[in-house]
Amino acid sequence: MKDFLELIQTLFEDVLFIPFHALRKLELENWFAANALNWIFMLIAAVAFVYWMKQLKKFNDNNEENRDAKAHGFLGKNAEI
């Protein structure tokens, strides 16, 4: 059992953490390059957010949402279900 756990430790430390070790070394040389992946993810999230808001506006402009009190009974105390 001990050999199996040491195998898992070796796998993670020597193989799977190689990209993180490379980023740690790169961060000492160039902070912007080390955080480029984070900026890419933030850009993707911003584009997705703008797309989602445009889609919501399109559905809102077409009056496709059911806005009756019965449709959203949890919003008001007096709404009938």
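Residue indices begin from 1 for each chain and proceed along its sequence in written order. Per-residue local features are limited, in this predicted model, to residues with pLDDT of at least 70; the limit for side-chain atom pairs, both in listing and counting, is 80 or more; totals at the level of whole chains, interfaces and linings are taken over all residues. For the side-chain quantities, the full set of heavy atoms in the structure was used; hydrogens and water were omitted.

Some remarks on the pattern of salt bridges
For clarity, the cut-off: Counted as salt bridges are all cases of a side-chain nitrogen of Lys or Arg within 4 Å of a carboxyl oxygen of Asp or Glu. Where helices and strands are cited, they refer to DSSP runs of H or I of at least four residues and of E of at least two residues respectively, numbered from the N terminus.
As enumerated under the stated definition, the model contains one salt bridge in all. Among the ionic pairs, Lys57 bridges to Asp61, the shortest N-O distance being 3.2 Å. Placement of both Lys57 and Asp61 in helix H4 (residues 36-61) is noted, with a separation of four residues, approximately one turn of the helix.

Re the packing of aromatic side chains
Under the convention used in this document: When the centres of two rings from Phe, Tyr and Trp lie within 6.5 Å, Trp using its six-membered ring, the rings pair. Their planes under 30 degrees apart give stacked, over 60 give edge-to-face, and anything left gives tilted. Exposed residues in this analysis have more than 50% of their type's maximum accessible area, buried residues have under 20%, and partly exposed residues fall in between, with area computed by a 1.4 Å probe over protein chains only. Cation placement over rings: the criterion is NZ of Lys or CZ of Arg within 6 Å of the ring centroid and within 35° of the ring normal.
Taken as a whole, this structure holds three aromatic pairs when the rule is applied. Each ring, one from Phe17 and one from Phe20, has its centre 6.0 Å from the other, and the planes form 75°; the classification is edge-to-face. The class for Phe20 is exposed, based on a relative accessible area of 55%. Their ring planes at 85° and their centres at 5.0 Å tell us that Trp31 and Phe32 sit as a pair that is edge-to-face. The exposure class assigned to Trp31 is partly exposed, which follows from its relative accessible area of 41%. Phe32 gets classed as exposed once you look at its relative accessible area, which sits at 61%. Taken together, the ring pairs connect Phe12, Phe17 and Phe20 into an aromatic cluster. Residue placement shows Lys58 over the ring face of Phe59; its charged tip is 5.8 Å from the ring centre.

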